[in-house]
Amino acid sequence: MYGEMDLTERPLVLIWELTQACELACKHCRADAQPRRHPQELSTEEGKALLDDAREFGEGQLVVLSGGDPLARDDVVDLVDYGTDRGLRMTLTPSGTDSITREAVSDLSDAGLRRLALSLDGGDAVAHDSFRGEGGSFEATMEAARAAEDLDVPLQINTTVCAETVDQLPTIRERVAELGAVLWSVFFLVPVGRGRVLTPIPPARAERVMEWLHEVSDEAPFGVKTTEAPHYRRVGMQQREEGGPTRRMGVRAGKGFAFVSHTGEVYPSGFLPKSAGDVRERSVVDIYRDSELFRSLRDDDALSGKCGACEFRGVCGGSRSRAYATTGDPLAADPLCEYEPPGYDGPVPDQHPAD
Ligand code: SF4
């Protein structure tokens, strides 16, 4: 259970990658974004059928429209409107490009958009634009954030943590507060797509960053969550000296999380590109609940290596995406984690050099 939500029945977050088309060429791009739309993308009608299916997960299912740049499609407002009408909570993660104008934010707000998530990977224009490979991206992001505030659309800021950005985190934290964001979502790099050219931070540094994020979360006017770093929960429990087994389930790929690709393949997460089915052939609800891949990822006792031996596996379980990206086995141990379960003397994953 996650709160009142049964994660074997429905995801906390359903992401639909509307397109891989995007004007930017960000260094960390999971989607390996392309300048043009793919001819096999789900059409507007197929997308609406997907949203109809998603209703069967239950009341108020959260749907994130992502990309590429979702605004590279001209039906985004229509899809937000359609999903909202059917009781879905529709949110959007545009790229920081000229497409996210004040007018676009206004149209999305009118269609019922519940949250706008913008990426900020540097605390100023120089750092952010160089990371995202395009001058003007920082200013476009700030303009969209101001529009969201003016239009009362709740704002989320997404940040990638890797060796190239980690020193920017304190400045970005200040920006997140200044922009009035409700949530800071901190993504720990998984080396897939163009992200392979970036450098993950080593486990010891990740541990310090997570400890710091818990301090930020205690003090800041916004919430903090991590992506692909479920050990953030383990770190928090240890800080509060609540170590030991817990009944509360953690959210991770396939367990509270599902991702529909631009061509309709269903993955456990956007960073774990292993298909469990195709929404053109089978409902996303069936795939999430009953596919072998999703079921195995939800089975904490199927984990191997030190994650399988860890007393925190129920609340954490490690990033399945990082395990897959580094070993090819989505049930292997997460190499970003520094923790060694007491008494465990099996193999440990190759870790990055200690800092
Ligand atoms: S060993 Fe695995 S399950 Fe345990 S805290 Fe680390 S990542 Fe999580």
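The structure this text deals with has already been given above.
It should be emphasised that the depicted structure is a prediction, and the values quoted were computed from it without experimental measurement.

K.L.:
Please clarify how the overall build of the protein chain should be interpreted in this entry.
P.N.:
Along its length, the protein chain carries 12 helices and 10 strands. Rg of the C-alpha trace for the protein chain: 19 Å, near the compact-globule value of 20 Å for 355 residues, within the 12% margin. Across the 355 residues that make up the protein chain, the buried fraction comes to 49%. Counting only contacts in the protein chain whose residues sit at least 6 apart along the sequence, the fraction spanning at least 24 positions is 73%.

K.L.:
Before we go on, may I ask you to explain the site of the ligand in this structure?
P.N.:
By nearness alone, 14 residues border the ligand, and Cys307, Cys310, Cys316, Gly318 and Cys337 come closest of all. Only helix 8 (231-239) and helix 11 (305-308) provide two or more residues apiece to the shell around the ligand. Classifying every residue of the shell around the ligand gives seven nonpolar, three polar and four charged.

K.L.:
What's the story with the nonpolar core in this structure? I'm lost.
P.N.:
Generally speaking, soluble globular proteins have nonpolar side chains that are buried together. Among the nonpolar cores identified, the biggest contains 88 residues, and Val63, Leu65, Leu116, Ala144 and Val284 are the most heavily contacted of them. Per element, the largest residue contribution to this core is five residues, and it comes from helix 5 (residues 137-150). Sequence-distant contacts of leucine 116, that is, excluding residues within four places in its chain, are made with Leu92, Val105, Ala144, Ala148, Val153 and Leu155.

Conventions we followed
Here the residue numbers are simple positions, counted from 1 along each chain's written sequence. Predicted model: local features are reported for residues with pLDDT of at least 70 only, side-chain atom pairs are reported and counted for 80 or more only, and whole-chain, interface and lining totals are derived from all residues. A run of H or I in DSSP becomes a helix once it reaches four residues, and a run of E becomes a strand once it reaches two; helices and strands are each numbered from the N terminus. Each radius of gyration reported is based on C-alpha atoms, and the globular scaling rule is 2.2 Å times the count of residues to the power 0.38. Counting other C-beta atoms within 10 Å of its own, a residue is labelled buried from 20 upward, exposed at 12 or fewer, and partly exposed in the gap between, with every C-beta atom placed from the backbone. What counts as a contact is two residues whose backbone-derived C-beta atoms lie within 7 Å of each other. Proximity of a residue to a molecule or strand is defined by its backbone-placed C-beta atom lying within 6 Å of that partner. Any residue outside Ala, Val, Leu, Ile, Met, Phe, Trp, Tyr, Cys, Pro, Asp, Glu, Lys and Arg is labelled polar, Gly included; the first ten of those are nonpolar and the last four are charged. A set of buried Ala, Val, Leu, Ile, Met, Phe, Trp, Tyr and Cys residues, joined to one another through C-beta atoms within 7 Å, is what we call a nonpolar core.

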